[in-house]
Amino acid sequence: ALWCLRMSLTPARGCLLDLPWEDVLLPHILCHLPLQQLLSLQRVSKSFQSLIQLYLANMRCFDSSQIRPAIPRAAFVNLLKDNKVLQQLALQNCSDWLTDCELLPVIEQNHHLHQIQLKGCAQLSRHALVTISLSCPSLRQLSLAHCDWVDSLSLRSLADHCKALEAVDLTACRQLKDEAICYLVQKCSRLKSLSLAVNANVGDVAVEETAKCCPELEHLDLTGCLRVKNDSIRVLAEYCPKLRSLKVKHCHNVAESSLSVLRSRGVELDVEPPLQRALVLLQDVVGFAPFINLQI
């Protein structure tokens, strides 16, 4: 930003703003500057303000974490008011300021979004998810982790309109039950990654339907799903040959008898084999790992 300012104020060396804006400055220079610096650059002159506004209107990716301190809601609305080409929108942990009033206009005018991150945005409502489903037909990745406002009706709307989904994070969406998850996976059979973690209402029915409907599934997070049992894990092993990782920590009804098949295939599990767990516990108790002849 300082270099740009120096160039713009040094006639002998020419002015940065004399370069073609849309052909040079936007795609080859401004794209390499952090968003926070771009916003500061607006204050240099009216010409720079116009340049940055043009950049914001053509920005493909917006990540609120690049702005420190937290972005004020009025500033967010102003930054994206002219943008209709966003492809990625990351607004995680914006619960202190983000509501439907700020988010919905951005979603409604950006129909090319394929990745949306709303983790921890607690002040939104089910209308936000309905708007996403109606406005973003090409959506592929969506994170709604820790969004208690997600309910079965809004999730059904998502499933009906966003069939290209490949990754969905529903961690701690506590209103959701097996029926809602089953409807989602039946409509969105391209899913490769799904998180149902920390959801006490999710059980074997949802896991089995996911396995049968999503043969491309690679990652499944069931951490803390207390109703999940061995039977659904066996179905998962049978129907999901591409599974690469499975998280079942704190699933107390899932035992090694169902995990062993996945483990033998090289699937990454977050639960250690029984013998290894026993050795770790023994080491914690006695302070060292005794020699054990595993060939006996």
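Residues numbered from 1 in each chain as written. Predicted model: local features only at pLDDT ≥ 70, side-chain atom pairs only at ≥ 80, totals over all residues. Heavy atoms only, no water.

Under an unreviewed UniProt entry, the name given to the chain is F-box/LRR-repeat protein 15, and the organism recorded is Sakesphorus luctuosus. Per its UniProt entry, the chain bears the Subcellular location (unreviewed entry) comment "Cytoplasm". (UniProt positions renumbered as here; feature names shortened; annotations may be inferred.)

> How do you make sense of the pattern of salt bridges when you look at a structure like this?
Oppositely charged side chains are able to pair whenever their charged atoms sit close together. Across all of its chains, the model carries 9 salt bridges by this definition. Note that Lys81 and Asp82 form a salt bridge whose closest N and O atoms lie 3.0 Å from each other. Residue classification places Lys81 among the partly exposed positions, given a relative accessible area of 43%. Using a relative accessible area of 48% as the deciding quantity, one classes Asp82 as partly exposed. Residue Lys242 pairs with Glu216 through a salt bridge whose shortest N-O separation is 2.6 Å. Of the two residues, Lys242 sits in the loop between α11 (230-239) and β8 (245-247) while Glu216 sits in the loop between α10 (204-213) and β7 (219-221), which places them 26 residues apart along the sequence. (Salt bridge = Lys/Arg side-chain N within 4 Å of Asp/Glu carboxyl O. Buried < 20%, exposed > 50% of the residue type's maximum accessible area, 1.4 Å probe, protein only. Helix = DSSP H or I, 4+ residues; strand = E, 2+ residues; numbered from the N terminus.)

> Honestly, the packing of aromatic side chains in this entry has me stumped. Any pointers?
For any pair of aromatic rings, the description consists of the separation of the ring centres together with the inter-plane angle of the planes. Enumeration according to the criterion identifies 2 aromatic pairs in this entry. Members of the aromatic cluster, connected to one another through ring pairs, are Phe62, Phe76 and Trp97. Above the face of the Tyr183 ring, Arg156 is positioned so that its terminal group lies 3.7 Å from the ring centre. (Phe/Tyr/Trp six-rings, centres within 6.5 Å; stacked < 30°, edge-to-face > 60°. Lys NZ or Arg CZ within 6 Å of the ring centre and 35° of its normal.)

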